[in-house]
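Residue strings, one per chain:
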Amino acid sequence: MKQFGDGNASGRFVPSKRVLTLRNRLIKFVEDHIYPMENEFYKLAQSPSRWTVHPEEERLKELAKKEGLWNLWIPVCLLLPF
């Protein structure tokens, strides 16, 4: 049977080093890029233009893709070309 995480005798899930590294990178990205923009995104959401995309959002998407932090829930095998 395959064990998940680093194999913990207590039965608790312990994330692998790869997952912890990814989590730390994601937290840093959010702290550095998303949180500073929260007020701007909030202002747009409260404006008559609330259904438009904030220009900074597109830049952040591209940056997240470049750093490998975009669509984390999609398995790698689905991202590979056939």
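The shown structure was predicted, so the numbers you read here are calculated from the model rather than taken from an experiment. Note that residues are indexed from 1 along each chain, following the sequence as it is written. The predicted nature of this model means local features are confined to residues of pLDDT at least 70 and side-chain atom pairs, given and counted, to a pLDDT of 80 or more, with totals for whole chains, interfaces and linings taken over all residues. Side-chain descriptors were evaluated using all non-hydrogen atoms of the structure, hydrogens and water having been removed beforehand.

A. View of the overall build of the protein. The number of helices and strands found in the protein is four helices and zero strands. Here, residues are in contact when the closest pair of their heavy atoms is within 4.5 Å. Within the protein, counting contacts between residues at least 6 apart in sequence, those at least 24 apart form 39% of the total. A run of H or I in DSSP counts as a helix once it spans at least four residues, and a run of E counts as a strand once it spans at least two, with each numbered from the N terminus.

B. Structural context of the packing of helix α1 (residues 17–34) against helix α3 (residues 55–66). Axis geometry follows a simple rule: fit a line to the C-alpha atoms, using only the stretch in contact for helices, then measure angles between N-to-C directions, giving values from 0 to 180 degrees. It is at 12 Å that the axes of α1 and α3 come closest, and there the two elements cross at 155°. Here α1 is positioned roughly antiparallel relative to α3, judged by the angle of their axes. Crossing geometry of α1 relative to α3 is assigned as right-handed. Of the residues in α3, those in contact with F29, H33 and I34 of α1 are L60, L63 and A64. Partitioning the contact of α1 with α3 into residue classes produces five nonpolar, one polar and no charged. Just so you know how the angles are binned, under 35 degrees is roughly parallel, over 145 roughly antiparallel, 65 to 115 roughly perpendicular, and the rest oblique. When the near helix sits turned anticlockwise from the far one by under a right angle, the crossing is termed left-handed; a clockwise turn instead gives a right-handed crossing. All amino acids are sorted into three groups, where Ala, Val, Leu, Ile, Met, Phe, Trp, Tyr, Cys and Pro are nonpolar, Asp, Glu, Lys and Arg are charged, and the leftover types, Gly among them, are polar.

C. Examining the confidence of the model for the protein more closely. You can read pLDDT as the predictor saying how much it trusts each residue, on a scale of 0 to 100. Residues with a pLDDT of 70 or more make up 78% of the protein, whose mean pLDDT is 83. In the model of the protein, helix α4 (residues 76–79) stands out as the element of lowest mean pLDDT, 56, in contrast to helix α2 (residues 38–46), which has the highest, 94.

D. Geometry of α3. Each helix should span, by expectation, one fewer than its residue count multiplied by 1.5 Å. Taking 1.5 Å of rise per residue, the 12 residues of α3 would be expected to cover 16 Å, and the 17 Å separating its terminal C-alpha atoms lies within 8% of that figure. Looking at α3, one finds that the buried residues are E56, L60, L63 and A64. For α3, the buried positions fall inside an angular range of 100° around the axis, keeping them on one side. Exposed side chains of α3 directed beyond 90 degrees from the buried face belong to P55 and K66. The secondary structure elements touched by the buried residues of α3 are α1 and α2. At the C-terminal side of α3, G68 shows a positive phi close to 75°. Each residue is assigned to one of three classes by its accessible area relative to the maximum for its type, calculated with a 1.4 Å probe on protein chains only: buried under 20%, partly exposed between the two thresholds, exposed over 50%. An arc is given here, and it is the one of the directions from the helix axis to the C-beta atoms.

E. Quick peek at the pattern of salt bridges. By definition here, a salt bridge exists when the distance from a side-chain nitrogen of Lys or Arg to a carboxyl oxygen of Asp or Glu is within 4 Å. Scanning the model with the defined rule gives five salt bridges in all. A salt bridge links E40 to K43; the shortest N-O distance between them is 3.6 Å. Linking E40 with K43, this pair stays in helix α2, spanning three residues, or about one helical turn. Residue class for E40 comes out partly exposed when judged on its relative accessible area of 35%.

F. Looking closely at a nonpolar patch on the surface. What goes into a patch is any residue over 30% in relative accessible area without a salt bridge, connected to like charges within 9 Å or, for nonpolar side chains (Val, Leu, Ile, Met, Phe, Trp, Tyr), within 5 Å. Only the protein chains shown count as covering a residue, and every accessible area follows the Shrake-Rupley method with a 1.4 Å probe. On the surface, a nonpolar cluster with roughly 330 Å² of combined accessible area is contributed by L26, L72 and W73. If you trace the backbone, L72 turns up in the loop between α3 and α4. Note on L72: relative accessible area 37%, which makes it partly exposed.

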